[in-house]
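Coordinate analysis (summary)
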Amino acid sequence: MDAQQLKAEIQALKKETGTIILAHYYQVLDVQDVGDFIGDSLGLSRKAADVKEAKNIIFAAVDFMAEVAKILNPTKTVIMPDKEASCPMANQLRAAQILDYKKKHPGLPTILYINTLAEAKAECDVICTSSNAVEVCSAVANERGVGSILMGPDKNLSYHVGKRTGLKVVTMPEKGCCYVHDQFAIEDLTLQRERYPGARVVVHPECKPGIQDAADYAGSTTQMLKYIESEMKNCKEFIIGTEQGLIDHLQRKYPALTLHSLSPVPSGISCKNMKKTTLAKIHALLLKIKAGNVKKNEITVEASVAAKAKSSIDAMFKYSTASG
Ligand code: 13P
Ligand code: SF4
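A few points on the structure. Owing to the predicted nature of the structure, the values given are computational and were not obtained by experimental measurement.

Observations concerning the overall build of the chain
Helix and strand counts for the chain stand at 14 helices and 12 strands. Scaling as 2.2 N^0.38, a compact globule of 324 residues should have a C-alpha radius of gyration of about 20 Å, and the chain matches this with 20 Å. Among the 324 residues that make up the chain, the fraction classed as buried is 57%. Restricting to contacts in the chain with at least 6 residues of sequence separation, those with at least 24 account for 65%. Taking the average place of the 41 positive charges on the side chains of the chain and the average place of its 36 negative ones, the gap between the two points comes to 3 Å.

Considerations on helix α13 (residues 279-291)
Along its 13 residues, α13 runs 19 Å from first to last C-alpha, staying within 8% of the 18 Å computed at 1.5 Å per residue. Inspection of α13 places Leu279, Ile282, His283, Leu285, Leu286 and Ile289 among the buried residues, and these make up the whole buried set. Viewed along the axis of α13, the buried residues span an arc of 160°, placing them on a single side of the element. Those residues of α13 hidden inside the fold are in contact with α1 (3-17), β1 (19-24), α2 (29-33), β3 (56-60) and β4 (77-79). Count one or two residues on from α13 and you reach Gly292, which has phi positive near 70°.

A short note on the packing of aromatic side chains
Within this structure, the stated rule accounts for 1 aromatic pair. Considering the side-chain rings of Tyr217 and Tyr227, the 4.4 Å spacing of their centres and the 10° angle between planes classify their relative orientation as stacked. Here Tyr227 lies in helix α11 (residues 221-231) and Tyr217 lies in strand β10 (residues 217-218), a separation of 10 residues in the sequence.

Concerning the site of ligand 2
Close to ligand 2 lie 13 residues, the nearest being Cys87, Asn115, Cys178, Glu206 and Cys271. In the shell around ligand 2, the residues fall into 10 nonpolar, 2 polar and 1 charged.

Regarding the sheet that holds β3
Whenever strands of a sheet pair, they do so through backbone hydrogen bonds, lying parallel or antiparallel. An order of β2-β1-β3-β4 is seen for the 4 strands of this open sheet, with the pairing classed as parallel. The two strands at the open ends of the sheet, each matched to only one other strand, are β2 (37-39) and β4. Strand-to-strand twist of the sheet, defined as the mean angle between neighbouring strand axes without regard to direction, takes the value 20°. Pairing of β1 with β3, which is carried by 5 bridges, proceeds in the parallel orientation.

Observations concerning unusual backbone geometry
Only a minority of non-glycine residues have a phi that is not negative, and only a minority of peptide bonds are not trans. Here Gly152 and Pro153 are connected by a cis peptide whose omega angle stands at 0°. The linkage connecting Met172 with the following residue, Pro173, adopts the cis geometry, with an omega of -15°. Looking at the secondary structure, you find Pro173 in the loop between β8 (168-171) and α9 (186-195).

Focus: the pattern of salt bridges
Applying the stated rule across the entire model yields 19 salt bridges. The partner of Asp213 in a salt bridge is Lys163, and the shortest N-O contact between them spans 2.6 Å. You can see Asp213 sitting in helix α10 (residues 209-214) and its partner Lys163 sitting in helix α8 (residues 155-165), a full 50 residues away along the chain. Using a relative accessible area of 42% as the deciding quantity, one classes Asp213 as partly exposed. Residue class for Lys163 comes out partly exposed when judged on its relative accessible area of 44%. We note a salt bridge from Glu229 to Lys253, for which the minimum N-O separation is 3.1 Å. Of the two residues, Glu229 sits in helix α11 while Lys253 sits in helix α12 (residues 244-253), which places them 24 residues apart along the sequence.

Structural notes on the site of ligand 1
If you check the shell around ligand 1, you find 13 residues, and the closest are His24, Ser41, His204, Glu206 and Thr221. In the model, an oxygen atom of ligand 1 is placed 2.7 Å from a nitrogen or oxygen of the His24 side chain. Between an oxygen atom of ligand 1 and a side-chain N or O atom of Glu206, the distance comes to 2.9 Å. Summarising the interface, the protein chains cover 95% of the accessible area of ligand 1, which totals 300 Å² for the free molecule. The residue makeup of the shell around ligand 1, split by class, is 3 nonpolar, 8 polar and 2 charged.

Some details on the environment of His249
Topologically, His249 is positioned in helix α12. Looking at His249, the relative accessible area reads 15%, which means it is buried.

Things to note about the side chain of Thr222
Along the chain, the position of Thr222 falls in helix α11. Filtering out sequence-adjacent residues up to four positions away, Thr222 remains in contact with Tyr25, Asp40 and Gly324.

Definitions and limits used
Residues numbered from 1 in each chain as written. Chains lettered and ligands numbered in written order. Predicted model: local features only at pLDDT ≥ 70, side-chain atom pairs only at ≥ 80, totals over all residues. Heavy atoms only, no water. Helix = DSSP H or I, 4+ residues; strand = E, 2+ residues; numbered from the N terminus. Rg over C-alpha atoms; globule rule 2.2 N^0.38 Å. Buried < 20%, exposed > 50% of the residue type's maximum accessible area, 1.4 Å probe, protein only. Contact = heavy atoms within 4.5 Å. Lys, Arg positive; Asp, Glu negative; His and termini not counted. Charge placed at Lys NZ, Arg CZ, Asp CG, Glu CD. Expected span 1.5 Å × (residues − 1). Arc of directions from axis to C-beta. Phe/Tyr/Trp six-rings, centres within 6.5 Å; stacked < 30°, edge-to-face > 60°. Near = heavy atom within 4 Å. Nonpolar A, V, L, I, M, F, W, Y, C, P; charged D, E, K, R; others polar. Pairing = 2+ DSSP bridges. Axes fitted to C-alpha atoms, helices over the stretch in contact; angles between N-to-C directions. Salt bridge = Lys/Arg side-chain N within 4 Å of Asp/Glu carboxyl O. Polar contact = N/O pair within 3.5 Å; in protein donor to acceptor, adjacent residues only side chain to side chain. Areas by Shrake-Rupley, 256 points an atom, 1.4 Å probe, with all protein chains shown as cover.

Laid out in structure tokens, this is it:
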């Protein structure tokens, strides 16, 4: 079956089985095309909590995002086309490590990036995403009257928060990072600025500190998209420091813009974990839903872990008005 046939069958099967597809911007365009909602991690969490009609939620993203959907909407069947689609950064901080850090830094609020497993979320005070990290961390620190926080697992997001809030951020683990964004080098930025002198540089806060500092704008996936949309009347060329899926999304939506990856490699950089989800796997999963045979693809979170993780997710919604 070609992509068009797969898409047509997927649309029909979604209706027939009462299924909604939530997709991250880092998915390939063919997968974004069958998504009922495309978002960043905050937007997807808000949407997942809000799903009412559909019985099943297919999550076209990585595992920690699907776990959040299950925790927020436990009566729904949350399923992934490929359960191996796991975020390596989320696996860099386990619950036991957090307990050790808390012992070493008593009294500091523990704020985790959403890119963590449910077992880790269960051991923190509040979570945040890259869309609301600054808002959440400063609100929590103000409320507690502290100048330092414990945060993990991304050292680069910690830098972003520290720079904007003036807080001292202790990162757990010290060198945690996203292998995708951390591979952009300052030499890439210098080279791309030389090649495209009229372009603005827009980067994700998972990029290295030097890159955040040298960019014209640093923000989450949706914030980058909104920045480009708001600035496109003044500037038609952008160098983008994030996963290729967002660049492809924007290029298709705004053909008049000239967009380059911050990576000088023509294909840009991809998250191979995000890219594990394909149209063919979504189609196969919908056939399994129809046959009542989704156990192997289902996301489950143990009840006591889910209850504790839910309080840290709810706390984020209390501190953050951002929409993602
Ligand atoms: P966003 O919050 O920008 O979606 O980031 C999630 C992610 O995994 C980025 O690598
Ligand atoms: Fe994880 Fe990085 Fe992939 Fe995002 S881009 S899912 S942080 S590995």
